[in-house]
Structures are given as structure tokens and as C-alpha cells.
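# Observations on the three-dimensional arrangement
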Amino acid sequence: MSNNVFIHESSYVDDNVTIGDGTKVWHFCHIQSGATIGENCSLGQNVNIANNVKIGNGVRIQNNVSVYEGVEIEDNVFLGPSCVFTNVLLPRADRSVQGRYVKTLVREGASLGANCTIVCGHTIGRRAMVGAGAVVTKDVPDYAIVAGVPAKIIGKVKE
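This structure is a prediction, so every number in the text was calculated from the model and none was measured.

All right, on to the pattern of salt bridges then. Two side chains carrying opposite charge are able to pair once their charged atoms lie near each other. For the coordinates displayed, the defined rule picks out 4 salt bridges. In this structure, aspartate 142 and arginine 126 form a salt bridge, with 3.8 Å as the shortest nitrogen-oxygen distance. With aspartate 142 in the loop between strand E20 (135-136) and strand E21 (144-147) and arginine 126 in the loop between strand E18 (123-124) and strand E19 (129-130), this residue pair connects regions lying 16 residues apart in the sequence. Taking the relative accessible area as the measure of exposure, aspartate 142 reaches 36% and is therefore partly exposed.

So, about the pairing of strand E22 (residues 152-156). The side chains of a regular strand alternate between the sheet's two faces. Little of E22 sits out of view: just 0 of its 5 residues are buried. By the bridge criterion, 4 bridges tie E21 to E22 in an arrangement that is antiparallel. Paired with alanine 147 across the strands is lysine 152, a residue of E22. Counted between consecutive antiparallel strands, the loop separating E21 from E22 contains 4 residues, among which glycine 148 sits at a positive phi close to 100 degrees.

Let us now look at the sheet that holds strand E9 (residues 54-55). Within a sheet, neighbouring strands are paired by backbone hydrogen bonds and run either parallel or antiparallel to one another. The strand order across the open sheet built from 6 strands is E3-E6-E9-E12-E15-E18, with neighbouring strands paired in parallel fashion. Every other strand in the sheet has two partners, leaving strand E3 (18-19) and E18 as the edge strands with one partner each. Here 3 bridges tie strand E12 (residues 71-73) to strand E15 (residues 104-106), and the two strands are oriented parallel to one another. Bridged to valine 71 within E15 is threonine 104.

All right, on to the side chain of asparagine 87 then. Its place among the elements puts asparagine 87 in the loop between strand E14 (84-85) and E15. The exposure class assigned to asparagine 87 is buried, which follows from its relative accessible area of 14%. There is a polar contact of 3.0 Å between the side chain of asparagine 87 and the backbone oxygen of glutamate 69. Excluding its chain neighbours within four sequence positions, the residues that come into contact with asparagine 87 are Tyr68, Glu69, Arg100, Tyr101, Val102 and Cys120.

What counts as what
- Residues numbered from 1 in each chain as written.
- Predicted model: local features only at pLDDT ≥ 70, side-chain atom pairs only at ≥ 80, totals over all residues.
- Heavy atoms only, no water.
- Salt bridge = Lys/Arg side-chain N within 4 Å of Asp/Glu carboxyl O.
- Helix = DSSP H or I, 4+ residues; strand = E, 2+ residues; numbered from the N terminus.
- Buried < 20%, exposed > 50% of the residue type's maximum accessible area, 1.4 Å probe, protein only.
- Pairing = 2+ DSSP bridges.
- Polar contact = N/O pair within 3.5 Å; in protein donor to acceptor, adjacent residues only side chain to side chain.
- Contact = heavy atoms within 4.5 Å.

Structure (C-alpha cells):
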């Protein structure tokens, strides 16, 4: 970790974490072992980055977001306040889910609205937009705008 990283004193950064230059980690965050966070990112209050998660450059993560193992975030992505990722398709309280994580990929430039839910195993396409409160249950194509429960394409993002 370089000297050009800000980590608030209330946050925890485990061993074996890489954080790029210019990144800011605000109040009450936890970055777990094996995580990689790119340059010029911002992690708002109460953000959890799980073990082995990879986050690209220029990513903005708003308050109360947990990025679980199995989720990968490419460059210049916006994650709105309290958006939710899952990482197990069939969780059960009486069975271990360790190692049963299903990959989710958020491609470059995508924006996820506040309180949306991304069910694991899907890709959010480049520059796509997910509306606030939407529940994504299938892949979102590049440049698509999706909204609703379940999320449906309602428009297209223009370059």
C-alpha cells in the first residue's frame, strides 16, 4: 500500500490487501484478506470488501455496500448506496457455503442504483445502468438500462 491512500482510523484492513494510489476508505469499512482495490477509488461509510475480491480503478462504492467473494468489479463502476450482491444460489443455514460461490461480474463503467439487488451468477454489461431498487436475475447487456422486479430492459445508454 502506498502513502497516497487514505484509510479512516475506524476502518480495518486485513493483511495481504492491495490498495492503489489515490484511494480513500471512509468510516467503519472492512477490507478482508486477499482483496485488491485499484487506484482512485472511494469506499463510503460501512463498506465491506470480502476475501479475494478484485475491484478496478476509479470505482465509487457508496455507503452500506458489501462486495462478497465471487464478485468482480471492473474500472469506473458506481455502486449506489445499500446495493446488494449475493454470492450463493442456494444458501442454507445448516450447510457450509464455503467454496460454493457463484461469480458475478460488473463490467467497466456500469452504474448500480441505490438498494438494487444483484443475484449471483450474472454479468452487468459495460456502461449499463441498474435502476434503484431493481432485482437483477439475469445478465444485463452492455449499454442497457434495467429497472423493476425482476429487472427488465427499459432503455439504452448512449455513448
